[in-house]
Amino acid sequence: DTGVSQDPRHKITKRGQNVTFRCDPISEHNRLYWYRQTLGQGPEFLTYFQNEAQLEKSRLLSDRFSAERPKGSFSTLEIQRTEQGDSAMYLCASSPNIDPNYGYTFGSGTRLTVV
Amino acid sequence: EDKVVQSPLSLVVHEGDTVTLNCSYEVTNFRSLLWYKQEKKAPTFLFMLTSSGIEKKSGRLSSILDKKELFSILNITATQTGDSAIYLCAVPLANAGGTSYGKLTFGQGTILTVHP
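All of the points below concern the structure found in this document.

Calculation notes
Residues numbered from 1 in each chain as written. Chains lettered and ligands numbered in written order. Predicted model: local features only at pLDDT ≥ 70, side-chain atom pairs only at ≥ 80, totals over all residues. Heavy atoms only, no water. Helix = DSSP H or I, 4+ residues; strand = E, 2+ residues; numbered from the N terminus. Rg over C-alpha atoms; globule rule 2.2 N^0.38 Å. Buried < 20%, exposed > 50% of the residue type's maximum accessible area, 1.4 Å probe, protein only. Contact = heavy atoms within 4.5 Å. Areas by Shrake-Rupley, 256 points an atom, 1.4 Å probe, with all protein chains shown as cover. Lys, Arg positive; Asp, Glu negative; His and termini not counted. Charge placed at Lys NZ, Arg CZ, Asp CG, Glu CD. Buried area = accessible area lost by both parts, 1.4 Å probe. Salt bridge = Lys/Arg side-chain N within 4 Å of Asp/Glu carboxyl O. Polar contact = N/O pair within 3.5 Å; in protein donor to acceptor, adjacent residues only side chain to side chain. Pairing = 2+ DSSP bridges. Axes fitted to C-alpha atoms, helices over the stretch in contact; angles between N-to-C directions.

1. Quick look at the overall build of chain B
The helix and strand inventory of chain B stands at 0 helices and 11 strands. Going residue by residue from the N terminus, the α and β elements of chain B occur as β-β-β-β-β-β-β-β-β-β-β. A globule of 116 residues ought to have a C-alpha radius of gyration of about 13 Å, and chain B, at 14 Å, matches this closely. Dimensions of chain B, computed from the C-alpha atoms along their principal axes, are close to 50 × 30 × 20 Å. Residue burial in chain B is summarised as follows: out of 116 residues, 44% are buried. Of the contacts made within chain B by residues no fewer than 6 positions apart, 55% connect residues no fewer than 24 positions apart. Summed over all atoms, the accessible surface of chain B reaches about 5500 Å², with 52% contributed by carbon and sulfur. Across chain B, the 11 positively charged side chains and the 10 negatively charged ones have centroids separated by 6 Å.

Okay, here's the thing in structure tokens:
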């Protein structure tokens, strides 16, 4: 598989439950990004990793959100105590280390619905 | 804070029409501007623009950048129903030396609907 894979594609959860999403980047890409996209808006940056190091977190990423990339390959994004406002599409992307302007590739996203 | 604004927010046309989508930006250190097409799932890359006045073309799509006026346009000629999508404009965050961090700031997107 040469693309960015995300799992699951859809998740419906009750308010207050915890959810975890997974992203498998393109294997040779060192950088991995998480974005959130709500209806009618463009994607908003959440966080990014270079290898296993988390280099930046947006203020959008409250303390209920945590992301990891333990071995510098796949990444997980966990949301604890979900709220209805967390309903969105969560997009993962990866890029080469040298120049992220080239080869920046998005996954198909995980659509979260909190009921 | 970097800012990207797209217009119009939505556009409805008929097949065969030509459309122009706009993207204006305010960024501290400009490196490039990217256009993406999003059809219900992953945004897919269309163009990267770095220099003013040089048109990039791909089939019926073309795009140009104006670094003096801080905007870009995306043109689609002879539109088809398959062009219906959200078109996103984005700018990478960069430092004063022009090194990009890879983090993208997106506009709100333009929802294009092409009717048969």
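2. What about the interface of chain A and chain B?
One widely used convention gives an interface's size as the accessible area the parts lose upon coming together. Listed as interface residues are 23 residues of chain A and, on the opposing side, 20 residues of chain B. Between chain A and chain B, the buried area comes to about 1700 Å², and carbon and sulfur atoms account for 53% of it. Put simply, chain A and chain B have 1 salt bridge between them. In this structure, K103 of chain B and E56 of chain A form a salt bridge, with 3.2 Å as the shortest nitrogen-oxygen distance. A total of 4 residues in the side of chain A that touches chain B trace back to one element, the largest contributor, which is strand β4 (residues 31–37) of chain A.

3. What to know about the side chain of R69 of chain A
All names here are of chain A. Mapped onto the elements of the fold, R69 is located in the loop between β7 (65–68) and β8 (75–79). A distance of 2.8 Å separates the side chain of R69 from the backbone oxygen of S73, its partner in a polar contact. Those residues within four positions of R69 in sequence are excluded, and the remaining contacts are P25, H29, N30, R31, L32, F49, Q50, N51, E52, F74 and S75.

4. Points about the environment of I76 of chain B
All names here are of chain B. Structurally, I76 can be placed in strand β8 (residues 71–76). A relative accessible area of 0% means that I76 is categorised as buried. Sequence separation of I76 and D17 is 59 residues, and the distance between their C-alpha atoms is 8.4 Å. Residues within four places of I76 in sequence aside, it is in contact with D17, T18, V19, R60, L61, D83, Y87 and L112.

5. What about the pairing of strand β1 (residues 3–7) of chain B?
Residue and element names in this part refer to chain B. Alternating positions in β1 separate cleanly, V4 and Q6 being buried on one face and K3, V5 and S7 remaining unburied on the opposite face. One ladder, built from 5 bridges, connects β1 with strand β3 (residues 19–26); its direction is antiparallel. Bridging from a neighbouring strand, Q6 pairs with C23 of β3.

6. Overview of the sheet that holds β7 of chain A
Residues and elements named next belong to chain A. Taken together, the 4 strands give an open sheet; going across it, the order is β1-β3-β8-β7, and neighbouring strands pair in antiparallel fashion. What marks the edges here is a single partner per strand, and that holds for β1 (5–7) and β7. Pairs of neighbouring strands in the sheet enclose a mean axial angle of 15 degrees, with direction left out of account. In the sheet, β1 pairs with strand β3 (residues 19–24) via 3 bridges, with the strands oriented antiparallel. In the sheet register, S5 faces β3, and the bridge partner there is D24.

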